[in-house]
Amino acid sequence: MNAMTDTRHIQALDSAHFLHPFTDFKDLAKRGARVITRAEGIYVWDSEGHKILDAMSGLWCVNVGYGRKELADAAYQQMMTLPFYNSFFQTTNVPAVQLAAKLASLAPQVGDRSFKHVFYSSSGSESNDSNVRMVRRYWDLLGQPQRKVIISRNNAYHGSTMAGASLGGMSGMHAQGDLPIPNITHIEQPYFLDHALPGESKDEFGIRAAGWLEQKILEIGPDRVAAFIGEPVQGAGGVIIPPDTYWPEIQRIADKYGILLVSDEVICAFGRLGHWFAYEKFGYKPDLVTFAKAVTSGYIPLGGVMVGDRVAKVLIEQGGEFNHGYTYSGHPVACAVALANVELMEREQLPQKVLHNLAPYLAERYAELADHPLVGQAETCGFVGGLVLVRNKKTLERFDSSVAVGMICRGHCFGNGLIMRAVGDRMIISPPLIMERSDIDDMIRLIKLALDLTWADLKNMGQVS
Ligand code: PXG
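Residues numbered from 1 in each chain as written. Predicted model: local features only at pLDDT ≥ 70, side-chain atom pairs only at ≥ 80, totals over all residues. Heavy atoms only, no water.

Moving on, we come to empty space enclosed by the protein. Using the criterion set out here, one finds two cavities of 30 Å³ or more in the structure. Pro 190, Tyr 191, Phe 192, Leu 193, Lys 202, Ile 240, Ile 241, Pro 243, Gln 377 and Glu 379 are the residues that line the largest cavity. Of all elements in the fold, only helix H9 (192–195) and strand S11 (375–381) reach the threshold of two or more residues within the lining of the largest cavity. For the lining of the largest cavity, the per-class residue count stands at seven nonpolar, one polar and two charged. Along its surface, the second largest cavity is lined by Asn 131, Val 132, Val 135, Ile 150, Leu 167, Ile 229 and Val 262. (1 Å grid on protein atoms, 1.4 Å probe; cavity = no way out; pocket = protein on both sides within 12 Å on 5 of 7 lines; lining within 4 Å. Points joined across faces, edges and corners; volume = space filled by probe spheres on them. Helix = DSSP H or I, 4+ residues; strand = E, 2+ residues; numbered from the N terminus. Nonpolar A, V, L, I, M, F, W, Y, C, P; charged D, E, K, R; others polar.)

Laid out in structure tokens, this is it:
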């Protein structure tokens, strides 16, 4: 068999049997899926032998890069020792305990917001379901069962289960599931480009955008509000980086009304923003922190919630049985891989490397992209970056969504050996933390090439002059 017939065969089986997530099935069957067959370092290869620089770390998760033997060894050893046992019925296992202790030691400890406890799941979505359950249980135990409402934001992504998609602020997801479920509501996102007033500074906008939380709390009635949830930097929404003033003001408002603060760090934790946990970067103190993805660098599914002392104390001391959990809560193999992953990140000092080396260099190189005629704004935060494609650089006039400018650009990225995500008219990256500066140079060169080719297409289409 040659690569081509092999690929066609897999594609045919794929469309015959595999319904992909977030996919127009009929459309994919016409095109045939790209078959990714192997990976090493920061590159993946497809079945036709194309080598592609993965500037999305799989899906925001392969922080230590591909092909790390330590993680495979950890899984193998644990599978041979104890591949599975549950954590229900008063049993536990060694890797789950060790990982919980390790994660608690990595979380910055701040007064009553210190973290000693972990609740495990297998994904970010499940973790956010656990958050909803835990937040409601907390207020019930405190004798305030009327505190049910969780406030989130438009264009947030918190997962794809019924609770996760409800917490998320994606209108397309709500429309298909009769969502959100009751007692979840949304405020506007802190997206400067879309929502700033003329002449407003970023800092002023940050304070005003956080103020939408207070308005919503007052509208609902403070004694009915249970929690606010947000991603430190919105990922799937298009790398929306809030102004520096935003999170401290959110913290002030949450404290003023006594509501719980949930930091969904499924993307932002584990070095992505230069810290083990991203709330440290933005200077706030959450009560619950959602994690998944890079806790294992995506090598095996694992998620969970870091439970701060304020909540843990009530659940433990006033508790009784918490009627919630998953077969795979504390899965020994997943936890063993996570431990090996975290130890590897510690040895290679990846969060520090991002903070002191990669993030400043990415910021410098990414800023150059803002000179391109197609780019209205290019920003980074830690080791994520987003840029917006505009029709007119001076006025920041945007393209009509029917042009699908992001998709055109994404096609040129793929076609030239680069994986970059398109979210509407935003192009985003979240590269592996093992990159060297020369890898960043290669990535920027490929992004510039894709921008040039997109510009040429748009000229031919009469969209730009
Ligand atoms: N919270 C956040 C902040 C996420 O980014 C989830 C929760 C859900 O995690 P699971 O493991 O259940 O998928 C996520 C996931 C995209 C994309 O297109 C992003 C995610 C998932 C799928 C696609 O950028 N983030």
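Before going further, it helps to examine the domain arrangement of the protein. Where interface size is given, it is often the accessible area lost as the parts come together that is meant. Here the protein is partitioned into domain 1 (34–64 + 349–461) and domain 2 (73–347). Here the C-alpha centroids of domain 1 and domain 2 sit 27 Å apart. Contact residues are listed per partner, giving 31 residues for domain 1 and 33 residues for domain 2. For the pair domain 1 and domain 2, the summed buried area comes to about 2,600 Å², and 61% of that belongs to carbon and sulfur atoms. In this assembly, domain 1 and domain 2 are joined by two salt bridges. Close ionic contact of Asp 194 with Arg 398 constitutes a salt bridge, the shortest N to O distance being 3.0 Å. (Domains from an automatic or database assignment. Contact = heavy atoms within 4.5 Å. Buried area = accessible area lost by both parts, 1.4 Å probe. Salt bridge = Lys/Arg side-chain N within 4 Å of Asp/Glu carboxyl O.)

Another point: the packing of aromatic side chains. The final tally for this structure, using the stated rule, is 17 aromatic pairs. Residues Phe 270 and Trp 276 carry aromatic rings whose centres are separated by 6.5 Å and whose planes lie at 80 degrees to one another, so their mutual orientation is edge-to-face. Given a relative accessible area of 1%, Phe 270 falls into the buried group. By way of ring pairs, the aromatic residues Phe 115, Phe 228, Tyr 246, Trp 247, Phe 270, Trp 276, Phe 277, Tyr 279, Tyr 284 and Phe 291 are connected into one cluster. Sitting above the plane of the Trp 45 ring, Arg 38 keeps its charged end 4.1 Å from the centroid. Positioned above the aromatic ring of Phe 192, the side-chain terminus of Lys 202 is 5.6 Å from the ring centre. (Phe/Tyr/Trp six-rings, centres within 6.5 Å; stacked < 30°, edge-to-face > 60°. Buried < 20%, exposed > 50% of the residue type's maximum accessible area, 1.4 Å probe, protein only. Lys NZ or Arg CZ within 6 Å of the ring centre and 35° of its normal.)

What follows is about the sheet that holds strand S1 (residues 36–40). The sheet built from four strands is open, its strands ordered S1-S2-S3-S14 with mixed pairing. Two strands close off the open sheet at either side, each with one partner strand: S1 and strand S14 (418–419). Where strand S2 (residues 43–46) lies against strand S3 (residues 51–54), three bridges are found, and the strand directions are antiparallel. Pairing of Tyr 43 across the sheet is with Leu 53, part of S3. (Pairing = 2+ DSSP bridges.)

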